[in-house]
Amino acid sequence: MHFPITRARRLRANQQIRSLVQETRLDINDFVYPIFVREGKNIKNPIKSMPGIFQFSIDEAIKEAKEICKMGIKSVILFGIPEHKDEKGSQAYDENGVIAQAILQIKMAVPDLVVIADACFCEYTSHGHCGILNKEGELLNDPTLEMLKKEAFVYAKMGADIIAPSGMIDGMVKAMRESLDDNSFYNTAIMSYSVKYSSSFYGPFRDAAESAPAFGDRKSYQMDYSNVNEAIKEAMLDVEEGADYLMVKPALSYLDVIKTIKTQFPYMPLATYNVSGEYSMIKAAAQLGWIDEKSMIKETLTSMKRAGADIIITYFAKDMVEVL
Ligand code: PBG
């Protein structure tokens, strides 16, 4: 048999041809921008380990939300940082608390923006873990579900479009769906952090959200990064419990996981979270002049979409508007 030499390079001849055969294209509609909201007024605190990212008071967060909406970004995910933390993280589901008020006021000020509410407890508990602990310091699953139900109800009532439970608590999607349906919030969707690994890439976020655990780690609820088959089980449970969206988190070191989940559940919209450590690495290297920042952002985000992500939660969303 004789094979002619394949002229693969014909498809790379010039920019127009390359655009014609380009398989993956980033789009502004792909991005979700995270916003950190703290109590107070006129606050815009830079986060040292995340250049360009701030903690905002609600009034400033509204300005930020208006600005990004003008830029064409269509959704945000909100994180609250309360002044007072307690054992049960009760500020997480207080209707007058910082996160409930942030959802309500941002949604009222910018109704066209899709508001996703991160639903966890680590920013609200004095111990920094993602739910209720027993005396031994172990995270209790089912009592935490009861709190998650209250949280889902409050965020939906404040107008959140999507609720995103991020605690990796067993049964969290089912519990929250029941709570939403029992209260007639049939149209409030659930984006589950289905496949969330215990990761060193969350380091800068814990500065931003002031949510580092006071002792121990999150390994008894977040996944071991050595595993991928287990990710299929986690995603399957969430699909069965009624999740509307799945998520893989972090993104960059987990492209194989993104690919696996998209292949197994092609009918589920899949988000990935391009987390704080992935952001800070690029920002730091760029500040040192060691890399071309814009090209690297574009390349890494494209790899996430190429792997199978439909939605990318990213601190680079504003940078990407410039790039595109
Ligand atoms: C939990 C939560 C975390 C992140 C998003 N939601 C932190 C954690 O699990 O410790 C991390 C996001 C990032 O690193 O950008 N509320």
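Residues numbered from 1 in each chain as written. Predicted model: local features only at pLDDT ≥ 70, side-chain atom pairs only at ≥ 80, totals over all residues. Heavy atoms only, no water.

**Comments concerning the pairing of strand 11 (residues 311–314)**
A regular strand carries its side chains on alternate faces of the sheet.
And then number 1: Covered by surrounding structure in strand 11 are Ile311 and Ile313 together with Ile312 and Thr314, the residues of both alternating faces.
And then number 2: Bridge analysis of strand 1 (residues 31–38) against strand 11 gives 2 bridges, and the strand direction is parallel. When the bridges of strand 11 are listed, valine 32 appears paired with isoleucine 313.
And then number 3: Relative to strand 11, strand 10 (residues 270–274) runs parallel, the two being bridged by 4 bridges. Note that in strand 11 the partner of asparagine 274 across the bridge is threonine 314. (Buried < 20%, exposed > 50% of the residue type's maximum accessible area, 1.4 Å probe, protein only. Helix = DSSP H or I, 4+ residues; strand = E, 2+ residues; numbered from the N terminus. Pairing = 2+ DSSP bridges.)

**Describing a positive patch on the surface**
And then number 1: On the surface, a cluster of positive charge is contributed by Arg7, Arg9, Arg10 and Arg12.
And then number 2: Along the chain, the position of arginine 10 falls in the segment before helix 1 (15–20).
And then number 3: Taking the relative accessible area as the measure of exposure, arginine 10 reaches 61% and is therefore exposed. (Patch = residues over 30% accessible without salt bridge, like charges linked within 9 Å, V, L, I, M, F, W, Y side chains within 5 Å. Areas by Shrake-Rupley, 256 points an atom, 1.4 Å probe, with all protein chains shown as cover. Salt bridge = Lys/Arg side-chain N within 4 Å of Asp/Glu carboxyl O. Lys, Arg positive; Asp, Glu negative; His and termini not counted. Charge placed at Lys NZ, Arg CZ, Asp CG, Glu CD.)

**Observations concerning the site of the ligand**
And then number 1: Around the ligand, a shell composed of 19 residues is seen, among which Lys196, Arg206, Lys249, Ser276 and Tyr315 lie nearest.
And then number 2: Separating an oxygen atom of the ligand from a side-chain N or O atom of arginine 206 is a distance of 2.6 Å.
And then number 3: One nitrogen or oxygen atom from the side chain of glutamine 222 is found 2.9 Å from an oxygen atom belonging to the ligand.
And then number 4: Considering only residue class, the shell around the ligand consists of 10 nonpolar, 3 polar and 6 charged. (Near = heavy atom within 4 Å. Polar contact = N/O pair within 3.5 Å; in protein donor to acceptor, adjacent residues only side chain to side chain. Nonpolar A, V, L, I, M, F, W, Y, C, P; charged D, E, K, R; others polar.)

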